[in-house]
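# Structure at a glance
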Amino acid sequence: MVSNQANSKRHIRNIVRQALSRRKFLQGSSAFAVSSTLPGFFLRPVHAQDEDLIGFTPVTQSDAAGDWIAIAPEYEANILYPWGTPLNAEVGDFVWPPTDAQQAEQIGVGHDGMWFFPPPKVQTDTDTDNGMVASSETPKEDKVVERGVLCLNHEFGSNEVVIGKEDPESLADVRTSQHAHGVSVLDIERTENGWRFVGGCNTRRIHVNSPVRFSGPAADSELLDRPDGAVPLGTLNNCGCGKTPWGTYLTCEENFHLYFGASGGLPRTGQLQRGRVGLNPDLGSIYSWYLFDKRFDLSNEGSRGEENRFGWVVEIDPYDASKTPVKRTALGRFKHESCEIVIGRDNRIVAYMGDDEADEFIYKFISDEDYEVMLERGDSPLDHGRLFVAHFDDDFTGRWIRLHDGNPIIRRRVGRAAEIAVNTRMAADQVDATPMDRPEWVAAGQDGYVYCALTNNAGRVTANAPNPQAPNPDGHIIRWRDSDNHLGIRFEWDIFKLASDTHGTAGSFSDPDSIWIDPDGRLFIGTDGNQQNGMNNQLVVANTMTGTVKRLLSGVPGCEITGITPNADRSTLFVNVQHPGNGDLSASDFPRLDEEPVVPRDATIAISRKDGGVVGS
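All of the points below concern the structure found in this document. Since we're looking at a predicted model, the values are computed, not measured.

### Focus on the state of the cysteines
By definition, a disulfide is the covalent link that joins the sulfur atoms of two cysteine residues. For the coordinates displayed, the defined rule picks out 0 disulfides. The closest cysteine sulfur to the non-disulfide-bonded cysteine 241 is located on cysteine 252, 7.0 Å from its own sulfur.

### Some remarks on the sheet that holds strand E19 (residues 385-392)
Pairing is antiparallel across the open sheet formed by 9 strands, whose spatial order is E15-E16-E18-E19-E20-E25-E24-E23-E22. Edge positions in the sheet fall to strand E15 (336-343) and strand E22 (439-444), since each has one partner strand and no second. Between one strand axis and the next, the sheet turns through 30° on average, direction left out of account. As paired strands, strand E24 (residues 476-482) and strand E25 (residues 490-498) are joined by 7 bridges and run antiparallel to one another. The residue bridging arginine 479 from the neighbouring strand is aspartate 494, located in E25.

### With respect to the sheet that holds strand E10 (residues 213-215)
The pairing of strands in a sheet happens through backbone hydrogen bonds and is either parallel or antiparallel. Pairing in this open sheet of 5 strands is mixed, and the strands run E10-E14-E13-E12-E11 from one edge to the other. Looking at the sheet topology across the chains shown, the edges are occupied by E10 and strand E11 (238-243). On average, adjacent strands in this sheet sit at an angle of 30° to one another, irrespective of strand direction. Relative to strand E12 (residues 249-253), E11 runs antiparallel, the two being bridged by 4 bridges. The residue of E12 that forms the bridge with asparagine 238 is glutamate 253.

### Regarding the packing of aromatic side chains
The final tally for this structure, using the stated rule, is 29 aromatic pairs. Between the aromatic rings of tyrosine 287 and tryptophan 289, the centroid separation amounts to 5.5 Å while the plane-to-plane angle is 35°, which identifies the pairing as tilted. Residue tyrosine 287 is classed as buried on the basis of its relative accessible area of 2%. Feature note: the residues Tyr352, Phe392, Phe396, Trp400, Trp480, Phe491 and Trp493 constitute an aromatic cluster, connected by ring pairs. The ring of tryptophan 68 is capped by arginine 592, whose NZ or CZ atom sits 4.0 Å from the centre of that ring.

Basis of the calculations
Residues numbered from 1 in each chain as written. Predicted model: local features only at pLDDT ≥ 70, side-chain atom pairs only at ≥ 80, totals over all residues. Heavy atoms only, no water. Disulfide = S-S within 2.5 Å. Pairing = 2+ DSSP bridges. Helix = DSSP H or I, 4+ residues; strand = E, 2+ residues; numbered from the N terminus. Axes fitted to C-alpha atoms, helices over the stretch in contact; angles between N-to-C directions. Phe/Tyr/Trp six-rings, centres within 6.5 Å; stacked < 30°, edge-to-face > 60°. Buried < 20%, exposed > 50% of the residue type's maximum accessible area, 1.4 Å probe, protein only. Lys NZ or Arg CZ within 6 Å of the ring centre and 35° of its normal.

Here it is in structure tokens:
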């Protein structure tokens, strides 16, 4: 007798084999494109030059298991912008642990998603300073060849790392931790001698106590009000990111439930559980802010509603520090990993988003109109539109299901538009959405494919076509192509890569997390989890047409590699080394800056080819 488990494994192998065979058929071997079964789809065939997309020599597995950064021999890497870098001369050099006032004016901790913004097009080469003041330590004869603003997320930092103790002992300790979260907006420039941070009018910190405002369907909802009348403040657990065609930065709030605790009884247990976002006071808070800051104390009636003010996509203008960051509630509230924006048919904005938790969903938002028309009349394309959640069928097709109060079940069990925005997971539960293996970063290619990193799901019991391994400790990458140039409610999908299938290769990886795809079809994958053969977390590059994967860089023990963004001509790729040592102060001395005391510090790395070519080639 064949066991049910064996039958399940055989079924999943067939699913994967069918997906691979189907992909080869659709790609074809001729120089002509092949149409798919759904209208509006277009697939580019494989050409000879596709084989040369990633021509570098991969980092070996033994080098990737070392105690320092390893990079392909054709490349070099320079360490930039570590945690604690002062934003102005008055702050002074980094000291550990920093005070709350110092940390508010320093680059934060937990480097994660980021994006590089070249100067706005209205500026020209004759604008010699671009609002920046060169650092006094830098020789004036260094020729500046490129300028821009780098928006850098700060996801998290343990109390042991940031304040040097397990739990805060005062409000000042809490403020130091809070000021280490959020976003750094940095004026940077590249000279003939490399990249550097410079002081300027765009440089600033946005942290947990910075002013913010809300827009969209939940902006005026009582769910976001507090009985004590406190105004909205701050952003935290800033994980992945996105960018808009109009030049703004989108930072995504992920595990916001980790910041709330309860000092006593719970007057609103039912309300906390309603949104299904993990607010469980019985588990306490990993930061213990609530002990000294009642804003994060779920037992404090005056701060009721504060927990609903997090879990959003936040829009920041990198080139205008006078503008208050805006939380766009039309995009829903859940554990946002990233927000990938594309321009669909009729010049509409389409946002793809993953909810990073096991058995959660993938979402899509479509603006109501042409985004340029909306901006001209003063409306944000991210405030007015339709929100959908994804359902994947076993036949490699799927559909987007709208989340709105026109659905009688959603209206009865969740409520109107404001309630749907605040309790998005609950709304998605009412329809036939497909639970996925931790949907993290989403990246869209110029060929119309949209990729999503599914990091892992060790708790999955039953496999299915879009999640074909149970359990799934290594993760995989799924991709789909929407009909009607991103506006359709139907899509076709396949499995681009099972991480378990890469074991033993020059590009073996596990736990795909941050991803970015370049215009040529290179998919950059940063990992966060246990890698094979004792390797450290790494950055690999995949050829999306051939499936070839090569290891470009590996990090230091205990770190995560994340936050992938290029400069204007793609001669530099910025990536982040997050939590070196994974919270253990003795486990890593990265980035080895010859400073005392030696504590591991998150930092950005600038990767470039030694011959000046496109990164990834």
